[in-house]
Amino acid sequence: MAECNSSKNMSRCNCSYSGCSRKGKCCECLHYHLSNNQLPACAFPNDVEKTYDRSFARFVACRS
Ligand code: SF4
């Protein structure tokens, strides 16, 4: 099994929620948000990500 490269992941993470323990752990981040019918921060442009609305509806709206 591949090692998690969390420092490389962090360099590409646009999430502005600094207190999150899943930051840099993309598999945990994705699982958490999908289980809440959401997408992770990196699915959204920075201005939308900052609203913390990570819903599928917001994703479709901002990508349409
Ligand atoms: S997108 Fe969500 S789970 Fe991922 S680092 Fe940000 S707050 Fe944490």
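Relevant structure appears above.
Below you will find a few notes about this structure. (Residues numbered from 1 in each chain as written. Predicted model: local features only at pLDDT ≥ 70, side-chain atom pairs only at ≥ 80, totals over all residues. Heavy atoms only, no water.)

**Topic: the overall build of the protein**
Heads up, the condition is: Helix and strand definitions here come from DSSP, where helices need a minimum of 4 consecutive H or I residues and strands a minimum of 2 consecutive E residues; each element is numbered from the N-terminal end. With C-alpha atoms as the basis for the radius of gyration, the globule rule is written as 2.2 Å multiplied by the number of residues raised to the power 0.38. Contacts are assigned to residue pairs with any non-hydrogen atoms lying within 4.5 Å of each other. Residue-level accessible areas treat just the shown protein chains as cover; the underlying method is Shrake-Rupley with a 1.4 Å probe.
Looking only at helices and strands, one finds four helices and zero strands in the protein. Mapped in sequence order, the helices and strands of the protein form the string α-α-α-α. Relative to its length of 64 residues, the protein is compact, with a C-alpha radius of gyration of 12 Å against a globular reference of 11 Å. Its C-alpha atoms put the protein at 35 × 20 × 20 Å along the principal axes. Intrachain contacts of the protein at a sequence separation of at least 6 include 25% that bridge at least 24 residues. Accessible surface, the protein: about 4,700 Å² in total, of which carbon and sulfur atoms supply 54%.

**Some details on the side chain of Arg54**
Tracing the sequence through the fold places Arg54 in the loop between helix 3 (46–49) and helix 4 (56–63). Leaving out residues up to four positions away in the same chain, Arg54 has contacts with Cys15, His33, Gln38, Leu39, Pro40, Ala41, Phe44 and Glu49.

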